[in-house]
Amino acid sequence: MSEGVIPFSLAENVLKRIDVGIFVLNKNFEVQLWNNFMVHHSGHQAKDMLGKNLFDAFPDLPKPWFTKKVNTVIMLNNFAFISWENRPFLFRFAHNRPITGGADHMYQNCMLMPVSNDSSKPESVCVVIFDVTDTAIATTMLKDAMERIADISNRDGLTGIYNRRYLETRLESEFDRTRRYGGTFSMILFDLDFFKKVNDTYGHLAGDKVLVEVARRMSDQLRTTDVVGRYGGEEFALILPETPIEGARVFGDRLREMIELEPVIYDNTTIPVTVSMGATEYSADLASYDKLILQSDVALYASKAGGRNCLTCYSPELETIAASGAKH
């Protein structure tokens, strides 16, 4: 035996025992080698696969994509690697992990290698299948956990709706999107009327119940594109994409009336709740998103000054009322 040459029997033994899938295809996609890993996971014996067209044996394979990959490897005489993150699997094999792992198939990395005989020109391609299910499950679980942590960090701890920081981030994003692509959107800012009196009369736990219940009712009424959040202690905000001010007024009044007509029940006590609202609409002449917050706040002040339990839409004239009130 020449030095550095692996005996055929040893190579064959390695191919049988190695815990990766290995098979070889010629230019006609006929199988030339099919190791024990492929036998075990595919259910196709090597004697049945040799000389058979791969796509005839596995009609569910992504034929156009895989054909292009193999031909490119032969033409360029170069390796190719396919990560599970780009394509979860080549063969839909089962795995032996617990079903609680969340994976319903074996995740696979694939490597394609050109194979030459005596000449330097490749005549075949060797495909190596790596079972990376454990890595995929762990990565997916970590990603899910990070997304949950990120979502929790964006939520108000009491009500479960979005917090002020996230609200302003979304408002800025909606402002920039509308400025760039056109359209419109509206914002509503509102307070629970005389909330301090609720806390003083019924206790802070009752006040918390009111906040949670109002947040729930709002959330139930929103479209999937709408955003609701707790802006302050008893102050909430709504972002209504693709909604002109008239639509915001109709929606806000409906929400306000619903809150008024359904008192909150806490510890067998009925607590009446009303809200005052201020609404405004995006305008191309606004310099930044925080101007919308200021306009909503001005409109909200007008609702409070006008007797509360109502909705006011912003207009420039309201600035005078707000300034007058601030002086007094």
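Description of the structure in this document. (Residues numbered from 1 in each chain as written. Predicted model: local features only at pLDDT ≥ 70, side-chain atom pairs only at ≥ 80, totals over all residues. Heavy atoms only, no water.)

### Concerning the state of the cysteines
Taken as a whole and assessed by the stated rule, the structure comprises zero disulfides. Free of any disulfide, Cys 126 has its nearest cysteine sulfur in Cys 110, 12 Å distant. Residue Cys 126 is classed as buried on the basis of its relative accessible area, which comes to 9%. In this structure Cys 310 is not part of a disulfide, and its nearest cysteine sulfur, from Cys 313, lies 11 Å away. (Disulfide = S-S within 2.5 Å. Buried < 20%, exposed > 50% of the residue type's maximum accessible area, 1.4 Å probe, protein only.)

### A short note on the pairing of strand β1 (residues 21-26)
Most of β1 is tucked away, with six of its six residues classed as buried. Every second residue of β1 is oriented toward a common face, with Gly 21, Phe 23 and Leu 25 on one face and Ile 22, Val 24 and Asn 26 on the other, all of them buried. Where β1 and strand β5 (residues 124-131) come together, six bridges link them in antiparallel fashion. Each residue of the ladder has a partner; that of Val 24, found in β5, is Cys 126. Hairpin geometry of β1 and strand β2 (residues 31-34) is characterised by an intervening segment of four residues between the two adjacent antiparallel strands and by a positive phi of about 65° at Phe 29. (Helix = DSSP H or I, 4+ residues; strand = E, 2+ residues; numbered from the N terminus. Pairing = 2+ DSSP bridges.)

### Quick look at the packing of helix α8 (residues 195-202) against helix α9 (residues 204-221)
For the pair α8 and α9, the least separation of the axes is 6 Å and the interaxial angle reads 135°. By the angle between their axes, α8 is oblique relative to α9. Contact with α8, carried on its side by Phe 195, Val 198, Asn 199 and Tyr 202, involves His 204, Ala 206, Gly 207, Val 210 and Leu 211 of α9 and no other residues of that element. Along the lines of polarity and charge, the residues of the contact of α8 with α9 split into six nonpolar, three polar and no charged. (Axes fitted to C-alpha atoms, helices over the stretch in contact; angles between N-to-C directions. Parallel < 35°, antiparallel > 145°, perpendicular 65-115°, else oblique. Contact = heavy atoms within 4.5 Å. Nonpolar A, V, L, I, M, F, W, Y, C, P; charged D, E, K, R; others polar.)

### Observations regarding α8
All buried positions along α8 are accounted for by Phe 195, Val 198 and Asn 199. Taken down its axis, α8 places every buried residue within 95° of arc, on the same side. Those residues of α8 that are exposed and angled more than 90 degrees off the buried face are Lys 196, Lys 197 and Asp 200. Where the residues of α8 are buried, they touch β6 (185-192), α9 and β10 (269-271). (Arc of directions from axis to C-beta.)

### Re the packing of aromatic side chains
The relative placement of two aromatic rings is captured by the distance of their centres and the angle of their planes. Inspection of every chain in the model, using the stated rule, returns 14 aromatic pairs. Between Phe 23 and Trp 34, the ring centres sit 5.5 Å apart and the planes meet at 50°, which makes this aromatic pair tilted. Taken together, the residues span a long stretch of sequence, with Phe 23 in strand β1 and Trp 34 in strand β2 at a distance of eleven residues. Of the two residues, Phe 23 and Trp 34, both sit in the buried class. With centroids separated by 6.3 Å and ring planes inclined at 80°, the aromatic side chains of Phe 55 and Phe 66 adopt a geometry described as edge-to-face. Note that Phe 55 is positioned in helix α4 (residues 54-57) and Phe 66 in helix α5 (residues 63-76), a separation of eleven residues in sequence. Owing to a relative accessible area of 8%, Phe 55 belongs among the buried residues under this scheme. Through pairs of rings, three or more aromatic residues link up here, namely Phe 23, Trp 34, Phe 58, Phe 91 and Phe 93. One residue, Arg 308, lies across the ring of Phe 194, its end atom 4.4 Å from the ring centre. (Phe/Tyr/Trp six-rings, centres within 6.5 Å; stacked < 30°, edge-to-face > 60°. Lys NZ or Arg CZ within 6 Å of the ring centre and 35° of its normal.)

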